[in-house]
Amino acid sequence: MGYTVLEPGNAWNTMPCHTHERRMETYLYFDMEPDTRVFHFMGKPDETKHLVLSSEQAVISPSWSIHCGVATSNYTFIWAMCGENITYDDMDFVPMENLK
């Protein structure tokens, strides 16, 4: 688990986007103004999708899915991973030119 606070003027998290071959990851976004939205990107690198989330909403990213997010203002999120936790450095970064 982890806790991340984006300071005013910051909007991106988890960039470059990546996957975890053996683990899924969950994000809970909060500490947002009522009109702030987070655009959470997920899916296969060559076929991305996005979800638009408000404060106190969560998303689950499967192990095969990229994950990153950007918002209309700063925000806070808690993330958690589960799965095989023998290797902790299994972030498989996705080159920016592969995103579509």
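Before reading on, note that the structure itself is shown above.
What you see is a predicted model; the values in this text were computed from it and never measured.

The rules behind these values
- Residues numbered from 1 in each chain as written.
- Predicted model: local features only at pLDDT ≥ 70, side-chain atom pairs only at ≥ 80, totals over all residues.
- Heavy atoms only, no water.
- Salt bridge = Lys/Arg side-chain N within 4 Å of Asp/Glu carboxyl O.
- Patch = residues over 30% accessible without salt bridge, like charges linked within 9 Å, V, L, I, M, F, W, Y side chains within 5 Å.
- Areas by Shrake-Rupley, 256 points an atom, 1.4 Å probe, with all protein chains shown as cover.
- Buried < 20%, exposed > 50% of the residue type's maximum accessible area, 1.4 Å probe, protein only.
- Pairing = 2+ DSSP bridges.
- Helix = DSSP H or I, 4+ residues; strand = E, 2+ residues; numbered from the N terminus.
- Axes fitted to C-alpha atoms, helices over the stretch in contact; angles between N-to-C directions.
- Core = buried A, V, L, I, M, F, W, Y, C linked by side-chain atoms within 4.5 Å.
- Contact = heavy atoms within 4.5 Å.
- Polar contact = N/O pair within 3.5 Å; in protein donor to acceptor, adjacent residues only side chain to side chain.

*Asks:* Hey, could you go over the pattern of salt bridges for me, with residue numbers and the actual values?
*Replies:* For the coordinates displayed, the defined rule picks out one salt bridge. With its nearest N and O atoms 3.9 Å apart, the salt bridge here joins Lys 49 to Glu 47.

*Asks:* Please set out a nonpolar patch on the surface residue by residue, giving values where relevant.
*Replies:* A cluster of nonpolar side chains, contributed by Trp 12, Met 15 and Met 96, occupies part of the molecular surface with about 320 Å² of accessible area. Accessibility expressed as a relative area gives 33% for Met 15, which makes it partly exposed.

*Asks:* A description of the sheet that holds strand β8 (residues 76–83) should follow, citing residues and the corresponding values.
*Replies:* On the basis of which strands lie adjacent, the open sheet formed by four strands has the order β1-β8-β3-β6 and antiparallel pairing. Looking at which strands have only one partner, the edges of the open sheet turn out to be β1 (2–5) and β6 (57–61). Taking each pair of neighbouring strands and ignoring which way they run, the sheet shows an average axis angle of 20°. The pairing of strand β3 (residues 23–30) with β6 spans five bridges and is classified as antiparallel. When the sheet's bridge partners are listed, Tyr 27 is paired in β6 with Val 59.

*Asks:* Help me get a handle on the nonpolar core, residues and values and all.
*Replies:* Among the nonpolar cores identified, the biggest contains eleven residues, and these are Leu 6, Tyr 27, Tyr 29, Met 32, Val 38, Met 42, Leu 53, Val 59, Ala 71, Tyr 75 and Phe 77. Every element with two or more residues in this core is listed here: β3 and β4 (38–44). Apart from residues no more than four positions distant in its own chain, Leu 53 is found in contact with Tyr 29, Met 32, Thr 36, Arg 37, Val 38, His 40, Ala 58 and Val 59.

*Asks:* Could you give me a rundown of the environment of Arg 37, with the residues and numbers involved?
*Replies:* Tracing the backbone shows Arg 37 in the loop between β3 and β4. The exposure class of Arg 37 is partly exposed, given its relative accessible area of 29%. For Arg 37, the residues in contact, after removing those within four places along its chain, are Met 32, Val 52, Leu 53, Ser 54, Val 70, Ala 71 and Thr 72. A polar contact of 3.3 Å, which involves the side chain of Arg 37, links it to the side chain of Ser 54.

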